[in-house]
Amino acid sequence: MPRELLPSELENFPSLDWSDIVPRLTPAVRCSLEKTLETQNGATLSLDESFALADSEGDDLLGLLTASNLLRAELAGNLVTYVVNRNINFTNICFVGCKFCAFSRGPRESDTYFLTPDQVAKKAVEAWQLGATEVCIQGGLPHGLPPFYYRDILRAVKNVTPRMHIHAFSPMEIVYGVELTGMPVGDYLSMLRDNGLNTLPGTAAEVLDDEVRAVLSRNKLSTAQWVEVIRTAHRCGIRSTSTMMYGHTETPAHWVRQMLLLREIQQETGGFTEFVPLGFVHQNTLLFHQGLARSGPTLAEHLKVHALSRLLLAGSINNTFKCRG
Ligand code: SF4
């Protein structure tokens, strides 16, 4: 049985010395970590080795955290960068009904709102005046949305803040826009690009496994649709982030499979700018209150997901794939 780690051991892992932890590792985990550190490439890990790292506990988990931190320092250094960004959610009305969502409202609820493209543009101007260089624009999916509403938001924002980077519309919104306009997905994305879309949030991914997705949100786009939108966006010259929501119903094997899928797409397109791990926030969600999910990630899970992604995604094309978090 691996020994149970104290919270302070997890919190203080960056002060551990790699040479001190190596003798305490099980041979298989030691071999996997040394190999990845030497090659600086997650592709050298087999699926079974990756699963074993995702299941690591005790000293093996400390080894995973320490090795991934070393690799991060070697590949990315200690320089942390950021952009000043404003999130603009144009509506909270949504028919999709994701069980993990505490944001959306039905159309008749008292606290709904809906912004016109001009109102979104006004918020972009406020952001620009306060020093923001990027807006992230997403929202709920209301029935009866004007078919070219997403395009019109882009036009309105670019009209008043031409140099603002627009990071907007999840793959779910792209699928909805395609449905509303009847356009092929490539044509639809190209139209958004030509009207000012700079990058796409890789949200709506949650866990890219259709069995898990059926529990989280029956009406959401499938794994195949998410991948199709992302691949098409990258081919159209629209780069995107990538995300994973963890700490609910999924297992460590899902983390591994998702990271490997993202890695595969990255090797094909080079279009991901970063990986954003999102811990499930359980309060006020049906998913938790119906007893379908645990109450969000533990500290060990937060650290493990970040560490695992640093290892499995290392060596992706051009070293452009960074981990946000
Ligand atoms: S699609 Fe988005 S806004 Fe709508 S319920 Fe799902 S997570 Fe919430």
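Presented here is an overview of the structure given in this document.

A word on the environment of Ala-76. Tracing the sequence through the fold places Ala-76 in helix H5 (residues 58-76). For the pair Ala-76 and His-306, spaced 230 residues apart in sequence, the C-alpha separation works out to 14 Å.

What follows concerns helix H3 (residues 27-39). Side chains that are three or four residues apart share a direction in an α-helix, a result of its 3.6 residues per turn. Relative to the 18 Å expected for 13 residues at 1.5 Å per residue, H3 spans 18 Å between its end C-alpha atoms, a close match to the ideal helical length. Considered for burial, the residues of H3 that qualify are Val-29, Ser-32, Leu-33, Thr-36 and Leu-37. Projection of H3 onto a plane perpendicular to its axis shows the buried side chains occupying an angular sector of 125°, all on one side. In H3, the exposed positions that point more than 90 degrees away from the buried face belong to Pro-27, Ala-28 and Glu-38. Looking at the buried residues of H3, the elements they touch are helix H2 (18-21), helix H4 (47-54), H5 and helix H14 (299-312). A positive backbone phi angle near 55° is found at Gln-40, which sits one or two residues after H3.

Inspection of the sheet shows strand S1 (residues 85-89) paired to strand S2 (residues 134-138) by five bridges, in the parallel sense. Bridging from a neighbouring strand, Asn-85 pairs with Glu-134 of S2. On the question of chirality, the crossover connecting S1 to the parallel S2 by way of helix H6 (residues 117-129) is right-handed.

What follows is about helix H8 (residues 171-181). Within H8, burial applies to Pro-171, Met-172, Glu-173, Ile-174, Tyr-176, Gly-177 and Thr-181. Close packing links the buried residues of H8 with S2, helix H7 (149-160), helix H9 (185-194), strand S4 (199-200) and helix H11 (223-235).

This part is about the nonpolar core. Membership of the largest hydrophobic core comes to 90 residues, with the highest contact counts inside it found for Ile-137, Tyr-150, Phe-169 and Trp-226. Trp-226 has contacts with Pro-171, Gly-202, Thr-203, Ala-204, Ala-205, Leu-208, Leu-221, Leu-262, Ile-265 and Phe-272, leaving out every residue within four places of it along the chain.

Secondary-structure assignment places Thr-91 in the loop between S1 and H6. Polar contacts involving the side chain of Thr-91 include one to the main-chain carbonyl oxygen of Tyr-113, which spans 2.7 Å.

The backbone of Gln-40 sits at a positive phi, close to 55°, despite the residue not being glycine. Take Gln-40: it is sitting in the loop between H3 and H4. Overall, Gln-40 belongs to the partly exposed group, its relative accessible area being 29%. Phi at Glu-206 takes a positive value of approximately 45°, unusual for a residue other than glycine. Counting through the fold element by element, Glu-206 comes out in the loop between S4 and helix H10 (210-216).

What follows deals with the packing of H11 against helix H12 (residues 252-269). In helix packing, the relevant descriptors are the interaxial angle and the interaxial distance, both defined with respect to the helix axes. Contact geometry of H11 with H12 gives a least axis separation of 10 Å together with a crossing angle of 25°. Classified by the angle their axes make, H11 and H12 are roughly parallel. At the point where H11 passes H12, the crossing takes the right-handed sense. Contacts between H11 and H12 involve Thr-223, Trp-226, Val-227, Ile-230, Arg-231, His-234 and Arg-235 from the former and Leu-261, Leu-262, Glu-264, Ile-265, Glu-268 and Thr-269 from the latter.

With that settled, the discussion passes to the side chain of Lys-304. Within the element layout of this structure, Lys-304 appears in helix H14. Asp-55 provides the closest opposite charge to the buried, unpaired Lys-304, separated from it by 5.6 Å. Side-chain polar atoms of Lys-304 contact the backbone oxygen of Ala-54, separated by 2.9 Å. Other than its neighbours up to four places away in sequence, Lys-304 contacts Leu-53, Ala-54, Asp-55, Ser-56, Leu-61, Leu-64, Leu-65 and Trp-255.

Turning to the pairing of strand S5 (residues 239-246), a few remarks are in order. Most of S5 is tucked away: seven of the eight residues are buried. Bridging between S4 and S5 involves two bridges; their strand directions are parallel. Residue pairing for S5: Thr-199 is matched across the bridge by Arg-239. Here seven bridges tie S5 to strand S6 (residues 272-279), and the two strands are oriented parallel to one another. The residue bridging Thr-241 from the neighbouring strand is Glu-274, located in S6. The handedness of the S5 to S6 crossover, carried by H12, is right-handed.

Conventions used here
- Residues numbered from 1 in each chain as written.
- Predicted model: local features only at pLDDT ≥ 70, side-chain atom pairs only at ≥ 80, totals over all residues.
- Heavy atoms only, no water.
- Helix = DSSP H or I, 4+ residues; strand = E, 2+ residues; numbered from the N terminus.
- Expected span 1.5 Å × (residues − 1).
- Buried < 20%, exposed > 50% of the residue type's maximum accessible area, 1.4 Å probe, protein only.
- Arc of directions from axis to C-beta.
- Contact = heavy atoms within 4.5 Å.
- Pairing = 2+ DSSP bridges.
- Right-handed = clockwise from strand over helix to strand, strands pointing away.
- Core = buried A, V, L, I, M, F, W, Y, C linked by side-chain atoms within 4.5 Å.
- Polar contact = N/O pair within 3.5 Å; in protein donor to acceptor, adjacent residues only side chain to side chain.
- Axes fitted to C-alpha atoms, helices over the stretch in contact; angles between N-to-C directions.
- Parallel < 35°, antiparallel > 145°, perpendicular 65-115°, else oblique.
- Left-handed = near helix turned anticlockwise from the far one by under 90°.
- Lys, Arg positive; Asp, Glu negative; His and termini not counted.
- Salt bridge = Lys/Arg side-chain N within 4 Å of Asp/Glu carboxyl O.

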